[in-house]
Amino acid sequence: AQKITQTQPGMFVQEKEAVTLDCTYDTSDQSYGLFWYKQPSSGEMIFLIYQGSYDEQNATEGRYSLNFQKARKSANLVISASQLGDSAMYFCAMREGENAGGTSYGKLTFGQGTILTVHP
Amino acid sequence: EAGVAQSPRYKIIEKRQSVAFWCNPISGHATLYWYQQILGQGPKLLIQFQNNGVVDDSQLPKDRFSAERLKGVDSTLKIQPAKLEDSAVYLCASSSGFGWGTDYEQYFGPGTRLTVT
């Protein structure tokens, strides 16, 4: 079974509009972390936002917010006020086996990605 | 602060040849990761080092892939012999350690794009 599923191969959004990129995950761990990365055409992976499984509030980082619905096992990324520079591939990733005050090996499992295109 | 450096950026080889990629992590980062990203897919972890020891190499095809991290700093990933399906981008990442939350965020290099013909 896929651990991370991103069902939208491509998304289009108008500049200054908001867009939601979907991510669902599958894990039996109680402690895990969810990440979103941006990969522009240059190829480098850029960290955007993190949500821990025990975090009660949805994470926010500037124009990025994570809509975390634990019971549904979804962690959707919301980008507000889209900019042309947001056009890129976006990956959802999970790190399992995290324990508050403990350790995890840090291994990230990535989804297939969603290509976001922002139109002027 | 300098980021993760990788070289070469691009490499084209014929199948059955060998190739090596180099990674220099962020100074002081103890944990180093090699990921393989096939076109149209997300990155997949090949191997993880903590200092110069291997933490996880469960997805490394050990019959043809090898990696080392001498002195716990730079790392080299080698493929010998290469197959067509090895065509991918090889990403190196580093973190100060591994643990909870974003305390040990992974920083990625620009990757090496390998084409096997």
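Residues numbered from 1 in each chain as written. Chains lettered and ligands numbered in written order. Predicted model: local features only at pLDDT ≥ 70, side-chain atom pairs only at ≥ 80, totals over all residues. Heavy atoms only, no water.

Draft legend 1. Focus on the state of the cysteines. Evaluated as defined, the whole model comprises two disulfides over all chains. Two residues, C23(A) and C92(A), share a disulfide whose sulfurs are 2.0 Å apart. In this structure the cystine formed by C23(A) and C92(A) twists about its S-S bond by roughly -65°; its chirality is therefore left-handed. Separated by 69 residues along the polypeptide, C23(A) in the loop between strand 3 (19–21) and strand 4 (24–25) and C92(A) in strand 10 (residues 88–96) bring together distant segments of the chain. Residues C23(A) and C92(A) agree in their burial class; the two are buried. Through a disulfide, C23(B) is tied to C92(B); the S-S separation comes to 1.9 Å. Handedness here is read from the sign of the S-S torsion; for C23(B) and C92(B), about -70°, the answer is left-handed. On the criterion of sequence distance, the pair formed by C23(B) in strand 3 (residues 19–24) and C92(B) in strand 9 (residues 88–95) is long-range, its members being 69 residues apart. The class for C92(B) is buried, based on a relative accessible area of 0%. (Disulfide = S-S within 2.5 Å. Helix = DSSP H or I, 4+ residues; strand = E, 2+ residues; numbered from the N terminus. Buried < 20%, exposed > 50% of the residue type's maximum accessible area, 1.4 Å probe, protein only.)

Draft legend 2. How the structure looks around the packing of aromatic side chains. Per the stated rule, a full pass over the model turns up 15 aromatic pairs over all chains. Aromatic pair F65(B) and Y90(B): ring centres 6.4 Å apart, planes at 40°, arrangement tilted. On the criterion of sequence distance, the pair formed by F65(B) in strand 7 (residues 65–68) and Y90(B) in strand 9 is long-range, its members being 25 residues apart. Taken together, the ring pairs in this structure connect F35(A), Y37(A), F47(A), Y50(A), F91(A), F110(A), Y33(B), Y35(B) and F108(B) into an aromatic cluster. (Phe/Tyr/Trp six-rings, centres within 6.5 Å; stacked < 30°, edge-to-face > 60°.)

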